[in-house]
Amino acid sequence: VAFPLNTLGHAILKSKPEGERLEQAAECFQRAYDIRYRRLGENHPETLRSKYSLGMIHEERGDYPEAERIQREVLQQRRGFLEEDHIDILHSLNYVARALERQERFAEAADIYRDIITRGRARFGVTQPSIQWFHENLLSLLRRQDDQEGIRAHYVDYLDQLDAASRGLEVDYR
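All of these numbers come straight from a predicted model, not from anything done at the bench.

Glancing now at the overall build of the protein chain. Of the regular secondary structure elements, the protein chain holds eight helices and zero strands. Here the C-alpha atoms of the protein chain give a radius of gyration of 17 Å, agreeing with the 16 Å that 2.2 N^0.38 yields for 174 residues. Seen through its C-alpha atoms, the protein chain measures out along the principal axes to roughly 45 × 35 × 25 Å. The buried share among the 174 residues of the protein chain stands at 46%.

Let us now look at the packing of helix H5 (residues 87-102) against helix H7 (residues 129-144). Two elements in contact, H5 and H7, have axes separated by 11 Å at closest approach and are oriented at 15°. When the axis of H5 is compared with that of H7, the two are roughly parallel. Every pair of crossing elements has a handedness; the one defined by H5 and H7 is left-handed. Between H5, through Ile87, Leu90, His91, Asn94, Tyr95, Arg98, Glu101 and Arg102, and H7, the contact on the second element is made entirely by Ser130, Trp133, Phe134, Asn137, Ser140, Leu141 and Arg144. A breakdown of the residues in the contact of H5 with H7 according to their chemical character gives six nonpolar, five polar and four charged.

Turning next to the packing of helix H2 (residues 20-40) against helix H3 (residues 45-61). Two elements in contact, H2 and H3, have axes separated by 8 Å at closest approach and are oriented at 155°. As the angle between them shows, H2 and H3 are arranged roughly antiparallel. Handedness of the crossing formed by H2 with H3: left-handed. Counted together, Leu22, Glu23, Ala25, Ala26, Phe29, Gln30, Ala32, Tyr33, Arg36, Tyr37 and Leu40 of H2 and Glu46, Thr47, Ser50, Lys51, Ser53, Leu54, Ile57, Glu60 and Arg61 of H3 form the full contact between these two elements.

Summarising the model, the protein chain shows a mean pLDDT of 91, and 95% of its residues fall at 70 or more. Within the protein chain, helix H1 (residues 2-14) has the poorest average pLDDT of any element, 75, and helix H4 (residues 64-79) the best, 98.

Membership of the largest hydrophobic core comes to 23 residues, with the highest contact counts inside it found for Ile112, Tyr113, Ile116 and Leu141. Of all the secondary-structure elements, those providing two or more residues to this core are H5, helix H6 (106-124) and H7. Beyond its immediate stretch of four places on either side in the chain, Ile112 contacts Leu93, Val96, Ala97 and Leu100. One finds Ile12, Phe29, Ala32 and Ile57 within the second-largest nonpolar core, a separate group that totals 20 residues.

With that settled, the discussion passes to the packing of aromatic side chains. Remark: the centre distance and the inter-plane angle together describe each pair of aromatic rings, the angle taken between the planes. For the coordinates displayed, the defined rule picks out four aromatic pairs. Ring centres of Tyr33 and Tyr37 lie 5.7 Å apart, and the angle between their planes is 40°; on these two criteria the pair is classed as tilted. In this pair, Tyr33 and Tyr37 are both assigned in helix H2, four residues apart and thus about one turn of the helix distant. Taking relative accessible area as the criterion, Tyr37 reaches 38% and is therefore assigned partly exposed. Judged by centre distance (5.8 Å) and plane angle (35°), the rings of Trp133 and Phe134 are tilted. The class of Phe134 is buried, set by a relative accessible area of 0%. One aromatic cluster is present, built from ring pairs that chain together Tyr52, Tyr95, Trp133 and Phe134. A cation over a ring is seen here: Arg78 above Tyr52, with NZ or CZ 4.9 Å from the ring centre.

A word on H1. Taking 1.5 Å of rise per residue, the 13 residues of H1 would be expected to cover 18 Å, and the 19 Å separating its terminal C-alpha atoms lies within 8% of that figure. Those residues of H1 not exposed but buried are Ala2, Leu5, Asn6, Gly9, Ile12 and Leu13. Angularly, the buried residues of H1 cover 120° about the axis, an arc narrow enough to put them on a single face. Exposed residues lying more than 90 degrees from the buried face of H1 are Phe3 and Lys14.

What counts, and at which threshold
Residues numbered from 1 in each chain as written. Predicted model: local features only at pLDDT ≥ 70, side-chain atom pairs only at ≥ 80, totals over all residues. Heavy atoms only, no water. Helix = DSSP H or I, 4+ residues; strand = E, 2+ residues; numbered from the N terminus. Rg over C-alpha atoms; globule rule 2.2 N^0.38 Å. Buried < 20%, exposed > 50% of the residue type's maximum accessible area, 1.4 Å probe, protein only. Axes fitted to C-alpha atoms, helices over the stretch in contact; angles between N-to-C directions. Parallel < 35°, antiparallel > 145°, perpendicular 65-115°, else oblique. Left-handed = near helix turned anticlockwise from the far one by under 90°. Contact = heavy atoms within 4.5 Å. Nonpolar A, V, L, I, M, F, W, Y, C, P; charged D, E, K, R; others polar. pLDDT = per-residue confidence, 0-100. Core = buried A, V, L, I, M, F, W, Y, C linked by side-chain atoms within 4.5 Å. Phe/Tyr/Trp six-rings, centres within 6.5 Å; stacked < 30°, edge-to-face > 60°. Lys NZ or Arg CZ within 6 Å of the ring centre and 35° of its normal. Expected span 1.5 Å × (residues − 1). Arc of directions from axis to C-beta.

Pasting the structure below:
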């Protein structure tokens, strides 16, 4: 029951809900979390996935401090059983950075984005979809700050990495 509820919540979120539809998504995520918490325990990966989704709801509602708090909790719990460069750790860090960015804590958010890009490239390569998403998030932050030099430097580096990857060259991403 929890899996379809979580999936339904994400489908509603992807439709850019407002008002009642956002609350419907929140209800789906909360019910999925409650079921998983009772049946699987607090630190089970699926329970944490539902908790992570609840953090996304708080971000959509504009409650960025609560979104940050939840995403940091999920991050700490995941660190209990996952390696630091596991994709779920990187995704948790990405959502912490998003919450920081929305609170206009740009330097902190940019540092996290750069860190997860570096770690993600080293583990998965530059073409992995999540790594590309992290790049877009950093570029979005730089655009919000009108940091033209930062945007240019990041694009040059990113395009160099993509070019090397397309030619099959070994790249040191660190």
